[in-house]
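Listed here are the chains, written in short residue letters.
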Amino acid sequence: AAIIIGIVWVTLEQLFQAFGPALAMYLAGPVEALYQILPGYHLANLGSWLVDGRVLEIPFPSGAFSMTPSASLGIAAAWIAVLTALTFRSFRRQDIN
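Residues numbered from 1 in each chain as written. Predicted model: local features only at pLDDT ≥ 70, side-chain atom pairs only at ≥ 80, totals over all residues. Heavy atoms only, no water.

Draft legend 1. Spatial organisation of the packing of helix α2 (residues 28-37) against helix α3 (residues 39-52). In contact at an axis separation of 5 Å, α2 and α3 are set at 60° when each is read in the N-to-C sense. Considering the angle they form, α2 stands oblique to α3. Contacts between α2 and α3 involve Tyr35, Gln36 and Ile37 from the former and Pro39, Tyr41 and His42 from the latter. (Axes fitted to C-alpha atoms, helices over the stretch in contact; angles between N-to-C directions. Helix = DSSP H or I, 4+ residues; strand = E, 2+ residues; numbered from the N terminus. Parallel < 35°, antiparallel > 145°, perpendicular 65-115°, else oblique. Contact = heavy atoms within 4.5 Å.)

Draft legend 2. Structural detail: the environment of Trp49. Topologically, Trp49 is positioned in helix α3. On the accessibility criterion, Trp49 (41% relative accessible area) is partly exposed. In this structure, the C-alpha to C-alpha distance between Trp49 and Leu86, residues 37 residues apart in sequence, is 29 Å. Beyond its immediate stretch of four places on either side in the chain, Trp49 contacts Arg54 and Pro69. (Buried < 20%, exposed > 50% of the residue type's maximum accessible area, 1.4 Å probe, protein only.)

Draft legend 3. Structural detail: the nonpolar core. Within the largest apolar cluster, nine residues are counted, these being Phe16, Ala24, Val31, Tyr35, Leu38, Tyr41, Ile58, Phe60 and Phe65. Every element with two or more residues in this core is listed here: α2 and β1 (58-60). Filtering out sequence-adjacent residues up to four positions away, Phe60 remains in contact with Gly20, Pro21, Ala24, Val31, Glu32, Tyr35 and Phe65. (Core = buried A, V, L, I, M, F, W, Y, C linked by side-chain atoms within 4.5 Å.)

Geometry only, nothing functional implied.
This is the structure we're talking about:
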């Protein structure tokens, strides 16, 4: 089940990254908010910063969207911490071995 959920999550996130700027023409506020919250942009931003030495800019109708590498690192770390905590909480009464 975890593999299927992971594949679906990654596929939906990649579709959102591909079509997000086009959707922003109709729903600018929610799309930009999702770009700030979801981890896909932040991981791509960190990768761009490490490989190219510059932040990733996404063109939106209202202007280019970009965040600093430190903000992206903090949000990615928050996602890891929350998902780790949820995993420990869901397995707290079960034997993981």
